[in-house]
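Understanding the architecture of this molecule
Below are the chains, spelled out letter by letter.
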Amino acid sequence: MGEVDESRRARPAEQLRPYVARYSGYRQYGLAPARHRGLPSPWLTFILTLDEPLTVAAHPDPRQPGADYDTLLGGLHTTPALITHQGSQSGIQLALDPLGARALLGMPAGELARLDLSAGEVLGPAAAELRERVLAAPDWPGRFAVLDTLLPTLCREVRGPAPEVRRAWRLLTASGGALPVGELAREVGWSRRHLLARFRQETGLSPKEAARVIRFDRARRLLAAAPATALADLAAATGYFDQAHLAREFRALAGCPPSVWLAEEAGPARPADPAPARRSAAARAAFPHAATAR
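Residues numbered from 1 in each chain as written. Predicted model: local features only at pLDDT ≥ 70, side-chain atom pairs only at ≥ 80, totals over all residues. Heavy atoms only, no water.

1. Observations regarding the pattern of salt bridges
Rules: What makes a salt bridge here is a side-chain nitrogen of Lys or Arg within 4 Å of a carboxyl oxygen of Asp or Glu, nothing more. Segments assigned H or I by DSSP are reported as helices when at least four residues long, segments assigned E as strands when at least two residues long, and all are numbered from the N terminus.
Here the structure, examined in full by the defined rule, presents 12 salt bridges. Put simply, Arg102 and Glu202 hold a salt bridge, and the shortest N to O gap is 2.7 Å. Placement of Arg102 in helix α1 (residues 101-105) and of Glu202 in helix α7 (residues 192-203) is noted, with a sequence separation of 100 residues between them. The partner of Asp217 in a salt bridge is Arg221, with the nearest N and O atoms 2.8 Å apart.

2. Topic: the sheet that holds strand β5 (residues 54-58)
Inclusion rule: Whether two strands pair depends on DSSP finding at least two bridges between them. Note on geometry: axes are C-alpha line fits, over the in-contact stretch for helices, and angles between N-to-C directions span 0 to 180 degrees.
A sheet is described by the order of its strands in space; here 4 strands give the open sequence β3-β8-β5-β6, paired in antiparallel fashion. Each edge of the open sheet carries a strand with a single partner, namely β3 (34-38) and β6 (67-69). Sheet twist, expressed as the average angle between the axes of neighbouring strands with direction ignored, equals 35°. For β5 and strand β8 (residues 81-85), the ladder comprises 3 bridges, and the chain directions are antiparallel. By the bridge assignment for β8, Ala58 is matched with Leu82.

3. With respect to the packing of α7 against helix α8 (residues 207-225)
What counts here: Any angle from 65 to 115 degrees is called roughly perpendicular, while one under 35 is roughly parallel, one over 145 is roughly antiparallel, and all others are oblique. Contact criterion: two residues are considered in contact whenever any of their non-hydrogen atoms come within 4.5 Å of each other. We call Asp, Glu, Lys and Arg charged. Ala, Val, Leu, Ile, Met, Phe, Trp, Tyr, Cys and Pro are nonpolar, and the rest, Gly among them, are polar.
The geometry of α7 relative to α8 is characterised by a closest axis approach of 9 Å and an angle of 60° between their N-to-C directions. Taken as axis vectors, α7 and α8 run oblique relative to one another. Residues Leu195, Leu196, Phe199 and Arg200 of α7 form the contact with α8, whose participating residues are Pro207, Glu209 and Ala210. Per-class residue counts for the contact of α7 with α8 are 5 nonpolar, no polar and 2 charged.

4. Considering the packing of aromatic side chains
Applicable threshold: For this analysis, a ring pair means two rings from Phe, Tyr or Trp (six-membered ring only for Trp) whose centres lie within 6.5 Å, classed as stacked if their planes differ by under 30 degrees, edge-to-face if by over 60, and tilted for the remaining angles. Each residue's exposure class comes from its accessible area (1.4 Å probe, protein chains only) as a fraction of the maximum for that residue type: buried when under 20%, exposed when over 50%, partly exposed otherwise. In this scheme, Lys NZ or Arg CZ marks a charge over a ring once it lies within 6 Å of the ring centre and within 35 degrees of the ring normal.
For the structure on display, the rule yields 5 aromatic pairs. Ring centres of Tyr23 and Phe144 lie 5.6 Å apart, and the angle between their planes is 25°; this geometry places the pair in the stacked category. In this pair, Tyr23 sits in strand β2 (residues 20-29) while Phe144 sits in helix α4 (residues 140-154), placing the two residues 121 residues apart along the sequence. Each member of the pair, Tyr23 together with Phe144, is buried. With a centroid separation of 5.0 Å and an interplanar angle of 70°, the aromatic rings of Phe216 and Phe250 are classed as edge-to-face. Highlighted residues: Phe216 in helix α8 and Phe250 in helix α10 (residues 243-254), separated in sequence by 34 residues. Judged by relative accessible area, Phe250 falls into the buried class, the value being 1%. The cationic tip of Arg143 hangs over the ring face of Trp140; the distance from NZ or CZ to the ring centre is 4.6 Å. When the ring centre of Tyr240 is taken as origin, the NZ or CZ atom of Arg215, which lies over that ring, is 4.7 Å away.

5. So, the pairing of β8
Of the two faces of β8, the one holding Ala81, Ile83 and His85 is buried and the one holding Leu82 and Thr84 is not buried anywhere. By the bridge criterion, 5 bridges tie β3 to β8 in an arrangement that is antiparallel. Looking at β8, one finds that Arg35 is bridged to Thr84.

6. Side note on the layout of surface pockets
The cut-off we apply is this: Space inside and on the surface of the protein is sampled on a 1 Å grid over the protein atoms alone, with a cavity defined as a set of points where a 1.4 Å probe fits but cannot get out and a pocket as an open set with protein on both sides within 12 Å along at least 5 of 7 lines; lining residues have an atom within 4 Å of a point. Grid points are joined across faces, edges and corners, and a volume is the space filled by probe spheres set on the points.
Empty space within the second largest pocket amounts to approximately 180 Å³. Lining of the second largest pocket is provided by Pro42, Trp43, Asp97, Pro98, Trp169, Arg170, Thr173, Gly176, Ile214, Asp217, Arg218 and Arg221. Here the element with the most residues in the lining of the second largest pocket is α8; it accounts for 4 residues. Here the lining of the second largest pocket is built from residues that sort into 5 nonpolar, 2 polar and 5 charged.

Structure (structure tokens):
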């Protein structure tokens, strides 16, 4: 077949936007085997593979053994997954809003925290039908159109998250993870303890954990877009105390320093690979203007 390396990105239909932020399609063949870190982010992960299964060698919860998936649903997490491929990978990744999980998935995002599951375990036969219809579509616009058509049929009329939890999540995301938990509790009118319990039940993370993930996600996106950025400047721009604080959080959430992540995803050529290293098609589909990212 030769080398294939493509990615596409699209916004879902208007009615799905409270639940789905974006579709990211990727198809890659004929490249060297590689690994990719699935980093913590403020979105649930829903992947429909096209050709070969998705191989997750290590999950955010180390107690969960590695496995292959035709479809995958992943909750919010604070440690990376490790994804491998043997030179080919293809699929569509959907970024799901955790506050829409009750309506779209039939359960709060908290029940998926730190887990990776076959989508059929959550959606039943609808997951396989969705993938089959996507596989039958002839091109990326057709595949995305299938999602726009079928995903609304999964949505349920349910009682959503409490307004206080919804407001707390929106305040955290709008602040880039910079809002202190005490201030967040005052803003929504709850005690810190009550906010912690209700927020974790809904999202799977505590407000402090969510703030760390949101801030980290912003920092690594900025670093991906401009890899030459001085880390001290990046730290100042994204709410870290200093460069050392940024480095510690990167190690905790990505499992490696920023320089290693950049080298793995889009850095200079490795000794074993004389060609310029490239980030995966899945990474470019998710962040088409960035130099690196999931």
